[in-house]
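# Per-entry structural report
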Amino acid sequence: MRLALRWQVLLWSFLLGAGSAIAADKPIPSTQAVQLAQRPGHAGIASANTLATQAGFEVLAKGGNAFDAAVAVASTLSVVEPESSGIGGGFMATMYVAAGKRTVFVDARETAPAAVNSKDYLNPDGSPNRDTALKGPLSAGIPGEPAGLAWLAKHYGKLPLNVSLAPAIRIASDGFKPDGRLLGSIKEEQNNFARWPASAEKFLPGGKVPAAGEIWRDPGQAHTLELLAKYGEAGFYSGETAQKLVEAVRAAGGNWTLKDLASYRVKERAPLTVDYRGYQVITAPPPSSGGVAIAEILNILSGFDLAKLDEAHRDHLVIEAMRRAFRDHNDYLGDPDFVKVPLNMLLSPYYADGLRQTILPDKATPSSMLAPSNGQDPGMHTTHFSIIDADGNMVAMTCTVNYTLGSTFVAAGTGVLLNDEMDDFALVPNKPNVYGLLGSKANAPEPGKRMLSSMSPSIVIGADRTAVIGSPGGSTIITQVLEGILAVIDGGDAHQAVGKKRFHHQFMPDVVMVEPGAFDAATTNALTQMGHTFKQREPWGFMNVVIWDRRSNKLDAASDPRREDGLGKVQ
Ligand code: GLY
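Residues numbered from 1 in each chain as written. Predicted model: local features only at pLDDT ≥ 70, side-chain atom pairs only at ≥ 80, totals over all residues. Heavy atoms only, no water.

Under an unreviewed UniProt entry, the name given to the chain is Glutathione hydrolase proenzyme, and the organism recorded is Dyella choica. Here is the UniProt Sequence similarities (unreviewed entry) comment for the chain, exactly as written: "Belongs to the gamma-glutamyltransferase family." According to the UniProt record, the Subunit (unreviewed entry) comment for the chain is "This enzyme consists of two polypeptide chains, which are synthesized in precursor form from a single polypeptide." (UniProt positions renumbered as here; feature names shortened; annotations may be inferred.)

Written as structure tokens, this is what we have:
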């Protein structure tokens, strides 16, 4: 298949000639004469839930930095937005550490248990068993978020872990009013919760979906967070919590062991860096596929002068770049600790040159001309938040339990809702996962391996403006973050970046997914003439962005207007 793609690249290059790229980069205006601020002096946080943003500011007020605030925001989201992320799941964070002027990527992604067996995800007739892949304990990877939060506190924070976890513990104990999104998700999954007593106890108190406006408490999770606060990582991965997790999982047909939990390790990796129109985009490396795809798309686009084109031709080139990057997603990417990912090739400007030559300026390339793959549903799950603190430390963190409300399995006695991240592996080769993504052997499940992710927490560093950006949304994360980055680089503020109308192409199905208003009638018409086909979808994503303008020394924070419960705030 790879060989086929290379031949196609060569053939198209030959047919089109080397001069078919439209033009070169747009220069960035010089701002050298302006005095640039060295630190913001105040902070910005944007998250998907008001209580979580407030928890971040609470910890900053106690003397914490962006990394402590990230612990507070993520743990609070585990309580108030369990449909999207939690301590039963994992996260990926791209960070900027102001003191050392360095970037780092923290990988707290889940891992497969040692006893993982692909046959558990097949029906007796050999067809994929979507229930074991998405519901119950077999769908859950070993959680990474608790270890990741302890890691941030230990290596980057200024405050002890118990101080940063305090808001989440308080909210879980005292209770809160769930928002409509959480109540709607619980309603949708109530039949699954009813399958497991501890799930029903947590999510269906008194046997029913909590009513709007009712206070909802989560004493089980409060206790587990207290043990994490008191003993650090050991408070989750050994002792009481570990025992209970393993007992509950095994009693319900899962295969975790105490050793799986004790062996879990956070990984620090070098983030990917790509230069685009004078900006440095710092983004997620494998086992995320997101950063590689974003880098590949930006490398392709950097050979075009998008600003000189009308909207239809500009969108056409972006769609074609998306198509090609998603094609590579399926073939090459997996956990770099287990498989060799050809990053040098995928990120090479020469590789991008070759792909660019295959793009016709006025005509869509049928995906079938490039090679095979599949379709998806962006859903509402996973969460992203962005933080810049007064010293200029930055955290872009995307957290997930995978699909809405994860496995719907709560481990008895812990209050921990487990993820269903095992579905992010290519459990059955060439059969799509819940996002319609296919995978190859590179992303096959293996003991201790991390499943591929689309999470793309990113930081965009320009001469005088820096943005922290990310979003949930399955495979659409990648194109959302790309479009947000392009909006920032085009000069947009945080509200414009999160509000920009979205479109998405992921190679297969060969259709451009569009939210209402993404293209006006003339653009739709022109793109249709070029051969693109469209599928209208309800708005998707929940982007959260903080921007620091070093000329005015102003911070700007915004949460996606498509959802009501988010809060972007500067103070
Ligand atoms: N579970 C969604 C992702 O990591 O891409």
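Now that the structure has been shown, the text picks up again.
The number of helices and strands found in the chain is 20 helices and 18 strands. Taking 25 Å as the expected radius of gyration for a compact globule of 571 residues, we find that the chain reaches 23 Å, a close match to that expectation. Principal axes of the C-alpha set define a box for the chain whose edges measure 65 × 65 × 40 Å. Counting the 571 residues in the chain, one finds 63% classified as buried. (Helix = DSSP H or I, 4+ residues; strand = E, 2+ residues; numbered from the N terminus. Rg over C-alpha atoms; globule rule 2.2 N^0.38 Å. Buried < 20%, exposed > 50% of the residue type's maximum accessible area, 1.4 Å probe, protein only.)

What follows deals with the site of the ligand. The environment of the ligand is formed by nine residues, the closest being N402, E421, D424, S453 and S454. With respect to the ligand, the side chain of R109 contributes an N or O atom lying 3.0 Å from an oxygen atom. Side-chain polar atom of D424 to a nitrogen atom of the ligand: 2.7 Å apart, as the coordinates give it. Across the complex, the protein chains shield 99% of the 200 Å² of accessible surface that the ligand would expose by itself. (Near = heavy atom within 4 Å. Polar contact = N/O pair within 3.5 Å; in protein donor to acceptor, adjacent residues only side chain to side chain. Areas by Shrake-Rupley, 256 points an atom, 1.4 Å probe, with all protein chains shown as cover.)

Take the packing of aromatic side chains next. Going through the model one piece at a time under the given rule, you end up with nine aromatic pairs. Aromatic side chains F193 and F203 sit 4.4 Å apart centroid to centroid with 10 degrees between the ring planes, which places their arrangement in the stacked category. Placement of the pair is F193 in helix α8 (residues 190–193) and F203 in helix α9 (residues 197–203), with a sequence separation of 10 residues. Three or more aromatic residues joined by ring pairs form one cluster here, namely F176, F193, F203 and W216. Here R550 stacks its cationic end above the ring of W548, 5.4 Å away from the centre of that ring. Note that K569 overlies the ring of F57, its terminal NZ or CZ placed 5.4 Å from the centroid. (Phe/Tyr/Trp six-rings, centres within 6.5 Å; stacked < 30°, edge-to-face > 60°. Lys NZ or Arg CZ within 6 Å of the ring centre and 35° of its normal.)

This next bit is on the sheet that holds strand β13 (residues 503–504). Spatially, β13-β14-β15 is the arrangement adopted by the three strands of the open sheet, whose pairing is mixed. Edge positions in the open sheet fall to β13 and β15 (534–536), since each of these has one partner strand only. Alignment of strand β14 (residues 512–514) against β15, held across three bridges, turns out to be parallel. Bridge pairing in β15 places V512 opposite F534. (Pairing = 2+ DSSP bridges.)

Taking 1.5 Å per residue as the helical rise, helix α10 (residues 219–231) with its 13 residues ought to reach 18 Å, and the 18 Å between its terminal C-alpha atoms agrees with that figure. Among all positions in α10, only Q221, A222, T224, L225, L227, L228 and A229 are buried. Within two residues after α10, G232 carries a phi angle of roughly 70 degrees, on the positive side. (Expected span 1.5 Å × (residues − 1).)

For the rest of this paragraph, the subject is the confidence of the model for the chain. Mean pLDDT over the chain works out to 91, with 91% of the residues at or above the 70 mark. Residue range residues 1–31 is modelled with pLDDT below 50. Its contacts to residues more than four positions away, or to other chains, number 63 contacts. Low pLDDT, under 50, characterises residues 373–378; the predicted model gives this stretch 35 contacts beyond four residues in sequence or across chains. (pLDDT = per-residue confidence, 0-100. Contact = heavy atoms within 4.5 Å.)

In the numbering used here, UniProt assigns the "binding site: L-glutamate" (unreviewed entry) feature to R109, T400, V401, N402, D424, S453, S454 and G474. In the annotated group above, the second largest cavity draws its lining from V401. Residue S453 is classed as buried on the basis of its relative accessible area of 4%. Ignoring any residue separated from it by four or fewer positions in sequence, one finds S453 in contact with M92, R109, P287, S288, S289 and G290. Mapped onto the elements of the fold, S454 is located in the loop between β10 (416–417) and β11 (458–461). (1 Å grid on protein atoms, 1.4 Å probe; cavity = no way out; pocket = protein on both sides within 12 Å on 5 of 7 lines; lining within 4 Å.)

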